[in-house]
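Analysis of the macromolecular model
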Amino acid sequence: MHQSSIKRSLGVELTKSIKQSRVLLVGAGGIGCELLKNLVLTGFGEIHIIDLDTIDLSNLNRQFLFRHEHIKKPKALVAKEVAHRFQPGAKLEAYHANITDSQFNVDWFGSFNIVFNALDNLAARRHVNAQCLAAGVPLVESGTTGFNGQVQVVEKGKTECYDCNEKEAPKSFAICTIRSNPTEPIHCIVWAKSYLIPELFGQSEDNPAELDTTEDADNANEIEELRKEAKALSEIRSSMGSSDFARKVFENVFRDDIERLREVEDMWKVRAKPDVLDFDNLQEESASVKSTVSIDDQRVWTLAEAFYVFKDSADRLARRLMEMSKTSPGDAPIITFDKDDVDTLDFVTATANLRAISFHLEPKSKFDTKQMAGNIIPAIATTNAMTASLCVLQAFKVLQGNLANAKMVFLERSGARAINSYSLNPPKPDCAVCSFAQVRVSFDPEHATLGDLVGLLREELGYSGEFSIRNDYRLIYDVEESQLSSKLSDKGITNWASLTVVDDDDVDKDPRVNLQLIISARTEPSSEESKPVVLQGSIPDIPRKPKTAPVPPAEDVPITNGTSVTGKRKREGQDEDGDEPMTNGHVTKKAAGESSKSNGGELIILDDDDEGPILLDD
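Cut-offs applied
Residues numbered from 1 in each chain as written. Predicted model: local features only at pLDDT ≥ 70, side-chain atom pairs only at ≥ 80, totals over all residues. Heavy atoms only, no water. Helix = DSSP H or I, 4+ residues; strand = E, 2+ residues; numbered from the N terminus. Buried < 20%, exposed > 50% of the residue type's maximum accessible area, 1.4 Å probe, protein only. Contact = heavy atoms within 4.5 Å. Areas by Shrake-Rupley, 256 points an atom, 1.4 Å probe, with all protein chains shown as cover. Axes fitted to C-alpha atoms, helices over the stretch in contact; angles between N-to-C directions. Parallel < 35°, antiparallel > 145°, perpendicular 65-115°, else oblique. Left-handed = near helix turned anticlockwise from the far one by under 90°. Nonpolar A, V, L, I, M, F, W, Y, C, P; charged D, E, K, R; others polar. Pairing = 2+ DSSP bridges. pLDDT = per-residue confidence, 0-100.

This paragraph deals with the overall build of the protein. In terms of helices and strands, the protein carries 16 helices and 18 strands. By the burial criterion, 50% of the 618 residues in the protein qualify as buried. Within the protein, counting contacts between residues at least 6 apart in sequence, those at least 24 apart form 69% of the total. With the model as given, the accessible surface of the protein reaches about 28,700 Å², and the carbon-plus-sulfur share is 49%.

Turning our eyes to something else, we now look at the packing of helix α10 (residues 245-262) against helix α13 (residues 342-358). Between α10 and α13, whose axes approach to 12 Å, the crossing angle comes to 20°. One finds that α10 runs roughly parallel with respect to α13. Remark: the crossing between α10 and α13 carries right-handed chirality. Residues F250, F254 and I258 of α10 touch α13, and the partners they reach there are T351, L354, R355 and S358. Broken down by class, the residue content of the contact of α10 with α13 amounts to four nonpolar, two polar and one charged.

What follows is about the pairing of strand β15 (residues 515-521). Side chains on a regular strand alternate between the two faces of the sheet. Judged by how many residues are buried, β15 sits mostly within the fold: six of seven residues are covered. Examined bridge by bridge, strand β11 (residues 437-443) and β15 share seven bridges and lie parallel to one another. Bridge pairing in β15 places A437 opposite L515. With five bridges joining them, strand β14 (residues 497-503) and β15 adopt antiparallel strand pairing.

With that settled, consider the confidence of the model for the protein. The predicted model of the protein has a mean per-residue pLDDT of 80, with 78% of residues at 70 or higher. Contacts for the low-pLDDT stretch residues 554-578, under 50 throughout, to residues beyond four places or in other chains number 101 contacts. Predicted confidence is poor over residues 580-618, with pLDDT under 50, and the contacts of this stretch with residues over four places away or in other chains come to 110 contacts.

Further remarks concern the sheet that holds strand β4 (residues 114-117). By definition, the strands of a sheet pair up through backbone hydrogen bonds, in either a parallel or an antiparallel sense. On the basis of which strands lie adjacent, the open sheet formed by eight strands has the order β3-β2-β1-β4-β5-β6-β9-β10 and mixed pairing. This sheet does not close on itself; its edge strands, each paired only once, are β3 (91-95) and β10 (419-423). Between one strand axis and the next, the sheet turns through 15° on average, direction left out of account. Packed on one face of the sheet, helix α15 (residues 381-399) meets β4, β5 (139-145), β6 (148-154), β9 (407-411) and β10 and runs near 20° to β6.

To continue, consider the sheet that holds strand β16 (residues 533-536). Read from one edge to the other, the open sheet built from six strands follows the order β13-β12-β14-β15-β11-β16, with strand pairing classed as mixed. The open sheet terminates on both sides in strands that have one partner only, identified here as β13 (475-477) and β16. Ignoring which end each strand starts from, the neighbouring axes of this sheet average 35° apart. Summarising the sheet, strand β12 (residues 467-470) and β13 pair through two bridges and their orientation is antiparallel. Considered in β13, the bridge of I469 is made with Y477. Helix α16 (residues 450-459) contacts β12, β13, β14, β15 and β16 of the sheet and is inclined by roughly 130° relative to β12.

This is the structure:
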């Protein structure tokens, strides 16, 4: 669009603000491509694009900036190159990187006027949400699921943040099903993704959300057996880098574990026993398998091909982890599953298929495994385009300082209106993410210990009871921590780390809100006047968490069938473009055929499809 046309449409002041703005676009997928095009053509002054993914054939039907010749190239870099053709004078900066990398710290986020989220996973969304809150930068969050879409403006202290409303918990699977008795291909995929990868390349003590580790009568024995298997895998992990690493893993999970299961006769009264796989036989059979077999993601691999990819991907991951150990001091590095990470996707596909074949289940192609492991829902290009347009319209209101008229916007295919909007809600006072206090701390990376940090919290900030310190990935300190003499650098705390202090004090039942620590390293050595860990700025007032009011009992009040209600709170979903709408209110589904009742001041209306009623805020 010509600049004069923009000025006539938007006005002189807004056009000037747009031109002078510096914005960040996180994600260059389905929404991201559309959004980048809109930002460039609208005349946004400086646009930074970040995405860690590379272009795949399956992206081309809706990520219109990319062509066949771009396959395997970084999305962010190609998006920048192609967007320049729309507006040669645009100032664009691209990063083929992960937004959670330490280089993208709070001060870096604070250099932008607006951040746009077009992400594909919950963890990254939450990270950007937290960083924008810490930096005081407005965030325009967006997502789509099929024909449904959502746009939300988030601003610290003024609106709900991304985590103010609880997100739907992912489906979990009983340990006994995953460990001993898989009956569907998804059970094998979850086993490979959420158990085997963490045990071999990640943090084995983590309990993935997909695994139900409740120690009830059904699960207790299985959990104990799982711990024994984890110990065996831990010993195998110590042999990483040796020539027989892949053999040891294979023989442990596809020979020894299977043989133990076959001995439990009661398990196989109504189904065939799983087959024990032989490493040497498959080694011989896979001799003629082409090295490019893993590229063929649409076809289901044969047993020999799955074995070949298993060995190859296990060696790749082992080399990668060992290289990370050399270049990353401190805590041992980890590798986690990412549907866009070729190495982990190959490993999950191969091991899941080997297990499926052993248990006489249907193996899946790499493409199908990616869909299932990543909880992917197909994307609609039109929904992405509409959602991206709404993002820019909401950004206009942010730039004008007109937050009062910014909206939470929903797209929906059914109903009287395709677009529904609601006023932005204020922050929830009990939100653990946006109701935090914040301080900045500097530390001497050569000498500062965990004890120094804990001492600062107790002596200067008044933490007298129990509390814990954690980052995005793990617990750093709790009351049982005995390694107070450990250096902060050995705990993986580096320059511009962000830590959260959680008040666990149950003595007075009046805990403080979470405290965010923004930690920067200093170059000058410590002295008596300069302690290893120093609070920057004045001591903040850390408020107490609000007390939860008792929930009044629900009353049964009949209502009409809901046809007069045009707005619907959307259900949460996710697709591979990062397009995951968030629920603005708590969503409750009822079985089809149940009567519609009010529930504690909220309305339940029947949806147009067969999925049951949806709970709406009144």
